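Commentary on secondary and tertiary structure
Here are the chains, one letter per residue:
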Amino acid sequence: MKKRSNRLFLWGGTALTMDSKGTVLENALIEIENEQIISIKSQKKASKPEGAKAIDCRGCLVCPGFVNGHTHTGMTLLRGIADDLPLQRWLTEVIFPLEKRWGKPDFVYLGTLLACAEMIRSGTTFFNDMYYFEEFAAKAVDESGMRAICGQTIIDISGVEKASDIVEKFDAFLEAVSGYSRVIPAIAPHSIYGVSDKVWPEVISFASRHKIPIHIHLAEEQGEVDDCLKRYKKTPTEMFDRYGLWDYQPVIAAHAVVLTENDIQILGKHKVGIAHNPESNLKLGTKIAPVVELRKAGANVCLGTDSVASNNNLDLLQEADTAAKLQIFRKGIGELTAYDAVRMLTIEGAAAFGLADKTGSLEVGKWADVIAVSVEAPHAQPLYNPYSHLVYSAGGADVKHSVVGGKVLMENRILKTLDLDSILKEAKRWGKKIFDSID
Ligand SMILES: [Zn+2]
């Protein structure tokens, strides 16, 4: 029997297609069939098409859904639990002990549901995750209808994890998430300091065998780089070059804050995907990543939020605002424009994961991952430049509709796939339980 097609129209908005020419379409009519965009054009006058479901986008900027290049959704129940601590003290004194006590499957599953609700409501359609029990994060992603790369973490600080155990553990993980059509599994060795020498070649060969992404933390702070130099006489970027990690694709390196000129050239030459997390970097007192230099060198730089424990939200429009202003502060006006920042949220975000032919712009044949951002609020008028508007005026709360792969996840700010009330009720219950456990 022929599969019944599922059609959907988005009509009446101003479409920022983010294609290679930066095409903007007024009164855009976007036709979606099943997973894909099958046509996109301007109407002379906005009018609702008949005969299929149609979402009214009048008064909105219609954009490709945003890409969150680095987060840990399983940590969402730790939002705001500790501020005003530098990275290593924050990790070792607060986060690691709490994760040891609470970081189990139900904590990860609910945390990821809460994160998905927040991300859908702020325009993210695709995110790159790294945590433990990622099969439970993947279950939440599947229920939400979002897309995600779910990276199971390896931490091997004491060198106790045997390479053969890792392969066995990951075989089981790949099997557990294989039924989730919008989840891409990944292997996520934590960092140069979190994973021992002998494990890196195993990680790379496992990823090559299964053709899955590798997701790491890289050069987040000075101490990490100093320790690495002391141990190996090489920077973390140089060590990964020696392991052959940068020859693999896709690799996503989160942070890339403390880099030498040589590091920047290595990352650029290999077109490495870099997730820049400016708010987490600022909040944990690290430094500002050399985003302008990395982009010029050829790296694929996208934006990430990191976890809400160090941000403390998942709003990518705030992240873009911060990222653009920080590079103005570092390098001067015009080196990272609002248009560049929107590209980092969309098409360059997709490129960082090797998915630019499938998502990241509104073009025929691509996945129908589309959001509509309202420009009707007082802070949104008047409107002259839509890119400037998104980065410097709008916020996640302005996102009105969200569609992923042709499925409506939010319409008029009402979530269609998740039960927000019950997620919030559970999150409050967990918050009290965790709070009461702290001495
Ligand atoms: Zn991180």
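Criteria and cut-off values
As a convention, each chain's residues are numbered from 1 in the sequence order in which they are written. Only residues with pLDDT of at least 70 are given local features in this predicted model, and only at 80 or more are side-chain atom pairs given and counted; all residues enter the totals for whole chains, interfaces and linings. Note: side-chain values were computed over all heavy atoms of the structure, leaving out hydrogens and water. Lining residues are defined by having an atom within 4 Å of a point belonging to a cavity or pocket. Those points lie on a 1 Å grid over the protein atoms alone, cavities being sets where a 1.4 Å probe fits but cannot get out and pockets being open sets with protein on both sides within 12 Å along at least five of seven lines. Grid points are joined across faces, edges and corners, and a volume is the space filled by probe spheres set on the points. All residues other than Ala, Val, Leu, Ile, Met, Phe, Trp, Tyr, Cys, Pro, Asp, Glu, Lys and Arg, Gly among them, are scored as polar; the first ten of these are nonpolar and the last four charged. Each residue's exposure class comes from its accessible area (1.4 Å probe, protein chains only) as a fraction of the maximum for that residue type: buried when under 20%, exposed when over 50%, partly exposed otherwise. Where helices and strands are cited, they refer to DSSP runs of H or I of at least four residues and of E of at least two residues respectively, numbered from the N terminus. Paired strands, in this sense, are two strands between which DSSP finds at least two bridges. As used in this record, nonpolar core signifies buried Ala, Val, Leu, Ile, Met, Phe, Trp, Tyr and Cys residues forming a set joined through side-chain atoms within 4.5 Å. Should any heavy atoms of two residues lie within 4.5 Å, those residues are considered in contact. Distances up to 2.8 Å from the metal define which N, O and S atoms are donors, and 3.2 Å serves for Na, K and Ca; water is absent from the atom set, so sites may look incomplete. When four donors show all angles between 85 and 135 degrees the site is tetrahedral, when four or six donors have opposite pairs over 155 degrees and all other angles between 65 and 115 it is square planar or octahedral respectively, and in every other case it is irregular.

**Section: the layout of surface pockets**
Counted as a void, the largest pocket has a volume near 210 Å³. Per-class residue counts for the lining of the largest pocket are 3 nonpolar, 1 polar and 2 charged.

**A few points about the pairing of strand E6 (residues 66-71)**
Looking along a regular strand, one sees the side chains alternate between the two faces of the sheet. Across the 6 residues that make up E6, a large majority, 6, are buried. Judged from the 4 bridges that link them, E6 and strand E7 (residues 124-131) form a sheet pairing that is parallel. Bridge pairing links Asn68 to Phe127 in E7.

**Things to note about the nonpolar core**
With 119 residues, the main nonpolar core has Trp90, Ile214 and Trp246 as its most contacted residues. Apart from residues no more than four positions distant in its own chain, Trp246 is found in contact with Ile216, Leu218, Thr237, Phe240, Asp241, Val251, Ala253, Ile266, Leu267, His270 and Val272. Core analysis: the second largest hydrophobic core is formed by 19 residues, Leu8, Ala15, Ile55 and Val62 among them.

**A look at the coordination of the zinc ion**
Coordination of the zinc ion by the protein involves His70 (NE2), His72 (NE2), His217 (NE2) and Asp306 (OD), with metal-donor separations of 2.1 to 2.5 Å. Because the angles between the 4 donor atoms bound to the zinc ion fall within 84 to 175°, the donor set is best described as irregular. Coordination of the zinc ion draws on donor residues from a single chain, spaced H-x1-H-x144-H-x88-D in sequence. Placement of the pair is His72 in the loop between E6 and helix H1 (87-102) and Asp306 in the loop between strand E13 (300-303) and helix H11 (316-331), with a sequence separation of 234 residues. Relative accessible area serves as the criterion here: at 7%, His72 is assigned to the buried category. Judged by relative accessible area, which is 5%, Asp306 ranks as buried.

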